[in-house]
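Now for the letters of each chain:
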Amino acid sequence: MLLLAVAFIVAFVLLLYMVSPLISPKPLKLPGAHVVVTGGSSGIGKCIAIECYKQGAFITLIARDENKLLQTKKEIEKYSVNDKQVVLCISVDVSKDYEQVENVLKQAQEKLGPVDMLVNCAGTSVTGKFEDIEVNSFERLMAVNYLGSVYPSRAVITTMKERRMGRIVFVSSQAGQLGLFGYTAYSPTKFALRGLAEALQMEVKPYNIYITVAYPPDTDTPGFAEESKTKPLETKLISETSSVCQAEQVARVIVKDAIQGNFNSSVGSDGYMLSILTSGMSPVTSITEGLQQVVCMGIFRIVGLFYLGSFDSIVRRCMMQRERSESADKNE
């Protein structure tokens with residue numbers, strides 16, 4: 001009986017693997033495609049633009065700093081695969097004025113054609129204890145990290161639906177899957193992208209449009225270097241439990257997942273575990289992906305509890321050290 005049950009399970013899994021490609025989205029072809037990248041002048045955004053350009057795409061870069069955009073444009077153009085490719089630069093703040101964002105994207109589409117893939121990578125971070133963060137920082141981060149993704153997506157979605165094709169990528173963070181010490185202003189903005197992505201995917205899936213939410217870990221970028229300057233000790237110690245990835249590696253994974261139409265995009269073993277643990281009611285691209293989530297959820301929850309316990313231990317230890325230090329100062 002046991003052998004029969006095992007044989008049935010094996011046969012069922014093999015069947016899922018065979019059926020899975022039949023229900024998965026058709027991959028997007030990047031050669032000749034128009035890819036828009038917000039926050040594309042540096043970091044992960046720039047590397048995503050380079051990766052797409054290497055595969056023959058036309059690129060529209062959007063960021064606030066015009067000088068950085070022009071420098072990035074020259075760097076990207078070194079990777080051209082044919083003489084027809086174009087890199088268009090647009091200097092605009094995607095989080096302030098929707099009409100302005102809509103207008104510049106119309107201009108981009110008039111020059112390079114309809115947007116085939118939009119990568120929302122514009123974002124910023126502020127770290128610190130909840131009571132130490134300025135109130136206006138919460139508003140600013142929600143505007144940049146959330147509305148800065150809503151506005152460009154809203155500007156291209158109608159054309160994508162008319163064409164019955166498209167990809168939209170929201171670059172979140174592992175801090176958008178797990179709330180951590182020091183990220184009370186940042187994490188909620190990245191969690192919000194997940195809710196937006198799930199609701200939007202349900203709306204646009206019948207139109208052959210697929211949403212990808214990317215959850216990169218700590219990544220070696222100028223933004224990460226700037227963020228590290230103000231991290232509380234607890235946040236630094238927690239961050240040390242995982243390695244820092246290279247932006248090029250993260251970009252390759254995101255582009256690959258977006259092309260395939262995968263909803264979740266993660267990097268490394270920690271990223272895979274977090275994606276399973278936080279899958280909840282998120283859509284799946286294949287039966288195989290859903291099966292992996294069902295099988296691995298329990299054991300990953302156990303591992304996750306050990307992580308949470310170690311993080312709590314770090315926070316308590318730092319609090320006790322701080323209190324002892326303050327007490328010693330008073331006695332002096």
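Residues numbered from 1 in each chain as written. Predicted model: local features only at pLDDT ≥ 70, side-chain atom pairs only at ≥ 80, totals over all residues. Heavy atoms only, no water.

An unreviewed UniProt entry annotates the protein as 3-dehydrosphinganine reductase originating from Nycticryphes semicollaris. Its UniProt record gives the protein a comment under Catalytic activity (unreviewed entry), which states: "sphinganine + NADP(+) = 3-oxosphinganine + NADPH + H(+)". For the protein, the Sequence similarities (unreviewed entry) comment in UniProt is given as "Belongs to the short-chain dehydrogenases/reductases (SDR) family." (UniProt positions renumbered as here; feature names shortened; annotations may be inferred.)

Caption draft 1: Region of the structure containing the packing of helix H4 (residues 98-112) against helix H5 (residues 135-163). Where H4 contacts H5, the two axes come as close as 9 Å, and the packing angle between them is 45 degrees. Compared by their axis directions, H4 and H5 come out oblique. Our pair here, H4 against H5, has a crossing hand that is right-handed. In contact with Tyr 98, Val 101, Glu 102, Leu 105 and Gln 109 of H4, H5 contributes Tyr 151, Pro 152, Arg 154, Ala 155, Val 156 and Thr 159. Its residues assigned to classes, the contact of H4 with H5 shows seven nonpolar, two polar and two charged. (Axes fitted to C-alpha atoms, helices over the stretch in contact; angles between N-to-C directions. Helix = DSSP H or I, 4+ residues; strand = E, 2+ residues; numbered from the N terminus. Parallel < 35°, antiparallel > 145°, perpendicular 65-115°, else oblique. Left-handed = near helix turned anticlockwise from the far one by under 90°. Contact = heavy atoms within 4.5 Å. Nonpolar A, V, L, I, M, F, W, Y, C, P; charged D, E, K, R; others polar.)

Caption draft 2: Layout of the pairing of strand E3 (residues 87-91). Relative to E3, strand E2 (residues 58-63) is paired through five bridges, and the arrangement is parallel. Counterpart to Ala 63 in the pairing with E3 is Ser 91. Following the chain from E2 across helix H3 (residues 66-77) to the adjacent parallel E3, one finds a crossover that is right-handed. (Pairing = 2+ DSSP bridges. Right-handed = clockwise from strand over helix to strand, strands pointing away.)

Caption draft 3: Spatial organisation of the sheet that holds strand E9 (residues 264-266). Taken in spatial order, the seven strands of this open sheet run E3-E2-E1-E4-E5-E6-E9, and their pairing is parallel. For this open sheet the edge positions go to E3 and E9, each flanked by a neighbour on one side alone. Averaged over all neighbouring strand pairs, the angle between strand axes comes to 15 degrees, with direction disregarded. Pairing between strand E4 (residues 117-120) and strand E5 (residues 166-171): four bridges, direction parallel. Residue pairing for E5: Asn 120 is matched across the bridge by Phe 170. Each of strand E6 (209-215) and E9 touches helix H10 (residues 268-277); the most contacted strand, E9, lies at about 155 degrees to it.

Caption draft 4: Summary view of the environment of Leu 70. With respect to the secondary-structure elements, Leu 70 resides in helix H3. Take Leu 70: its relative accessible area is 41%, and that puts it in the partly exposed class. For the pair Leu 70 and Ser 41, spaced 29 residues apart in the sequence, the C-alpha separation amounts to 8.3 Å. (Buried < 20%, exposed > 50% of the residue type's maximum accessible area, 1.4 Å probe, protein only.)

Caption draft 5: Quick peek at the packing of aromatic side chains. With the rule as written, the count across this model stands at five aromatic pairs. Arranged with centres 5.8 Å apart and planes meeting at 65 degrees, the rings of Tyr 98 and Tyr 151 form a pair that is edge-to-face. With Tyr 98 in helix H4 and Tyr 151 in helix H5, this pair connects stretches of sequence that are 53 residues apart. Each ring, one from Phe 130 and one from Phe 138, has its centre 5.7 Å from the other, and the planes form 75 degrees; the classification is edge-to-face. Using a relative accessible area of 54% as the deciding quantity, one classes Phe 130 as exposed. Residue class for Phe 138 comes out partly exposed when judged on its relative accessible area of 24%. (Phe/Tyr/Trp six-rings, centres within 6.5 Å; stacked < 30°, edge-to-face > 60°.)

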